Each structure stands twice: as structure tokens, then as C-alpha cells.
Amino acid sequence: MSSELTIPMLVRMANANISPENGLPAVQRLIDDAELVVAIWQDWTQPFGVATLIIKGDNIFREAVAEQRTLEAKISSIRCIDAAQAFALLDICGHRAVLQ
């Protein structure tokens, strides 16, 4: 899937998807099924009032930005209550790239 990663797009996806309150197995399936997963939560200090954290696929995102090309990945978004929940999701279910 070729896509621009915008806050409104992530909000629409997250609203259509499950949230961590639906249970860890459901959230893990959502993460496993996508190449790039972004957690979002309401934060009025951020643009559009939404903060983000990449849970999976940060390497895909970094490469697309570095090469100034369109992001080509299966993208999903998960709505979180706050930053603490997003970082907990990263710790529990996240896929961190190893930087070399």
C-alpha cells in the first residue's frame, strides 16, 4: 500500500480499529498483520491535538523519509488513552529496529 502518513488518516484508522481495551491478543494480531503500526492518543500540545508513537516499522518509516519516497507498507493505527499506554504497548508488543 502506498500512502502518505497523515494525522487525520491515522485517526480514521485507529477509530476503525480495536483499542488496547479490547485485549492484548486482539491488539497483537493487529500489530502482526501490519508492517507499520502507529499508536495515537489525544495531546493538545501536538499538531491536530494528537501525539504519535511508532510501535512497529520504524525502519520502514525512516528509510522512506531518508530516501524521500512514498511510504509503501501496510499501515495500521491503534488508539491509546495516553502516552503511558502507548509506551507500554511498545514495550509489550512493539517491534524495535536495531540501529547499526
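Each remark here, short or long, concerns the structure printed above.
Residues numbered from 1 in each chain as written. Predicted model: local features only at pLDDT ≥ 70, side-chain atom pairs only at ≥ 80, totals over all residues. Heavy atoms only, no water.

J.: I would appreciate a short explanation of helix α2 (residues 24–32) in the present structure.
T.: Note on helix geometry: an α-helix contains 3.6 residues per turn, so any two residues three or four positions apart are oriented the same way. Taken residue by residue, α2 has Ala26, Val27, Leu30 and Ile31 as its buried positions. Taken down its axis, α2 places every buried residue within 140° of arc, on the same side. Counted as exposed and oriented over 90 degrees from the buried face of α2: Pro25 and Arg29. (Buried < 20%, exposed > 50% of the residue type's maximum accessible area, 1.4 Å probe, protein only. Helix = DSSP H or I, 4+ residues; strand = E, 2+ residues; numbered from the N terminus. Arc of directions from axis to C-beta.)

J.: How do you make sense of the sheet that holds strand β3 (residues 50–56) when you look at a structure like this?
T.: Note: strands within a sheet are paired through backbone hydrogen bonds, in either parallel or antiparallel orientation. Spatially, β3-β2-β5 is the arrangement adopted by the three strands of the open sheet, whose pairing is mixed. At either margin of the open sheet sits one strand with a lone partner, and together these are β3 and β5 (75–79). Taken pair by pair, the neighbouring strands of this sheet meet at an average axis angle of 30°, ignoring direction. With five bridges connecting them, strand β2 (residues 36–42) and β5 associate as parallel partners. Counted as the bridge partner of Val37 is Ser76 from β5. (Pairing = 2+ DSSP bridges. Axes fitted to C-alpha atoms, helices over the stretch in contact; angles between N-to-C directions.)

J.: What should I look at first to understand the pattern of salt bridges in this one?
T.: A full pass over the atoms with the stated rule returns two salt bridges. Notably, a salt bridge pairs Arg62 with Asp58, separated by 3.4 Å at the nearest N-O pair. With Arg62 and Asp58 both in helix α3 (residues 58–66), this residue pair falls four residues apart, about one helical turn. For Glu67, the salt bridge goes to Arg69, with nearest N and O atoms at 2.6 Å. Given the relative accessible area of 37%, Arg69 is considered partly exposed. (Salt bridge = Lys/Arg side-chain N within 4 Å of Asp/Glu carboxyl O.)

J.: How should the nonpolar core be read in this particular structure?
T.: Grouped burial of nonpolar side chains is what soluble globular proteins tend to show. Counting 16 residues, the largest nonpolar core has Ile31, Ile55, Ile78, Cys80 and Leu89 as the members making the most contacts within it. Elements with a minimum of two residues in this core: α2, β2, β3 and α4 (83–93). Apart from residues no more than four positions distant in its own chain, Leu89 is found in contact with Val27, Ile31, Ile55, Ile78, Cys80 and Gly94. By size, the runner-up hydrophobic cluster in this structure holds 13 residues, among which are Ile7, Ile40, Val50 and Ala64. (Core = buried A, V, L, I, M, F, W, Y, C linked by side-chain atoms within 4.5 Å. Contact = heavy atoms within 4.5 Å.)

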